[in-house]
Structure formats: C-alpha cells, structure tokens
Amino acid sequence: HVQLVESGGGSVQAGGSLRLSCEISLYIYSSYCMGWFRQAPGKEREAVAAHYTGTATKYVADSVKGRFDISQDNAKNVLYLEMNNLQPEDTAMYYCAAGWRVTRTAWRNVDDYTNWGQGTQVTVS
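Residues numbered from 1 in each chain as written. Predicted model: local features only at pLDDT ≥ 70, side-chain atom pairs only at ≥ 80, totals over all residues. Heavy atoms only, no water.

Colleague: Tell me what's going on with the side chain of Gln-72, and back it up with residues and numbers.
Modeller: Following the sequence through the fold, Gln-72 ends up in strand β7 (residues 68-73). Within polar-contact distance, the side chain of Gln-72 engages the side chain of Tyr-32 at 2.9 Å. Gln-72 has contacts with Ile-24, Tyr-32, Met-34, His-51, Thr-53, Val-78 and Leu-79, leaving out every residue within four places of it along the chain. (Helix = DSSP H or I, 4+ residues; strand = E, 2+ residues; numbered from the N terminus. Polar contact = N/O pair within 3.5 Å; in protein donor to acceptor, adjacent residues only side chain to side chain. Contact = heavy atoms within 4.5 Å.)

Here it is in structure tokens:
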C-alpha cells in the first residue's frame with residue numbers, strides 16, 4: 001500500500017507558474033513509476049509526465065513539453081511537477097499516481113498505475 005497526497009494547486013493568470021507536490025508514503029523501496037495526470041470536467045484523465053525511479057528516466061507529454069517538468073526528491077519522498085507559462089487549456093484537476101508494472105512505452109496508460117492521490121485543482125485564467 002502507498003499513500004499519495006498532492007498539494008500546490010490554485011488559481012494563476014496565464015503565463016504564470018505553479019509547482020505541484022506529491023507526498024509519497026512508501027515503506028518498501030523498489031523500482032517504480034511515478035506519474036502526473038490531469039482531468040478536466042467531462043474529459044478523460046490524461047498523462048502529463050512520468051518518472052521511472054529505476055532508470056531515472058522521465059517523460060513529458062507533447063502538449064506540455066518545454067513548459068512542464070517532473071522531478072522527484074528521493075530523500076524526502078516527494079514528487080514535483082513544475083509548471084511554467086500556464087495557459088487556460090491547462091486548467092484541470094491534477095493527480096499523481098504510482099505503478100510498479102508500468103513499461104516505458106506505457107507511461108501514459110492510466111490503467112497501469114495502481115495508486116492515486118486525491119488530486120489538486122489548477123485553474124488558469
């Protein structure tokens with residue numbers, strides 16, 4: 001069992017920045033994948049970025065590439081999503097997720113993640 005708690009969401013003007021945090025309660029350390037997803041009202045959940053701890057490899061969705069970045073502080077067990085140059089299209093509920101059987105090519109697959117946080121709202125105007 002792993003517990004994920006997101007924070008850092010809020011309202012920001014277009015062009016602004018936010019940093020989301022995901023506190024991870026994980027007691028058995030092994031290779032796993034951490035991902036950030038977002039979901040707007042009436043839309044399906046979509047992948048934003050992912051980080052694989054085993055290979056220190058990260059991926060970022062084309063829609064946010066160059067503006068968003070994912071990172072993880074292993075000592076503090078915190079996953080971050082730094083969001084820059086935010087646009088109204090980025091408005092959504094943002095979730096962090098963890099998975100232990102997520103292949104590199106499947107990082108966008110919602111169904112491959114086992115644990116999810118409660119989400120934090122990001123609103124851009």
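Colleague: Any chance you could break down the sheet that holds strand β3 (residues 18-25) for me, citing the residues and the numbers?
Modeller: Judged by pairing direction, the sheet is antiparallel, and its four strands sit side by side in the order β1-β3-β8-β7 without closing on themselves. Both outer strands of the open sheet, β1 (3-7) and β7, are each paired with one neighbouring strand and no more. Going across the sheet, the axis of each strand differs from the next one's by a mean of 15°, ignoring polarity. (Pairing = 2+ DSSP bridges. Axes fitted to C-alpha atoms, helices over the stretch in contact; angles between N-to-C directions.)

Colleague: So what about the pattern of salt bridges? Which residues, and what values?
Modeller: Counted under the stated rule, the structure contains five salt bridges. Among the salt bridges present, the one from Arg-38 reaches Asp-90, with a minimum N-O distance of 2.9 Å. Here the residue Arg-38 occupies a position in strand β4 (residues 33-39), and Asp-90 occupies one in the loop between β8 (78-83) and β9 (92-99), the gap between them amounting to 52 residues. Take Arg-38: its relative accessible area is 7%, and that puts it in the buried class. Taking relative accessible area as the criterion, Asp-90 reaches 2% and is therefore assigned buried. Across the pair Asp-90 and Arg-67 runs a salt bridge, and its minimum N-O distance is 2.8 Å. Here Arg-67 lies in the loop between β6 (57-60) and β7 and Asp-90 lies in the loop between β8 and β9, a separation of 23 residues in the sequence. When its relative accessible area of 16% is taken as the criterion, Arg-67 is described as buried. When salt bridges with common partners are traced through the structure, they connect Arg-38, Glu-46, Arg-67 and Asp-90 into a single cluster. (Salt bridge = Lys/Arg side-chain N within 4 Å of Asp/Glu carboxyl O. Buried < 20%, exposed > 50% of the residue type's maximum accessible area, 1.4 Å probe, protein only.)

None of this, on its own, says anything about what the molecule does.
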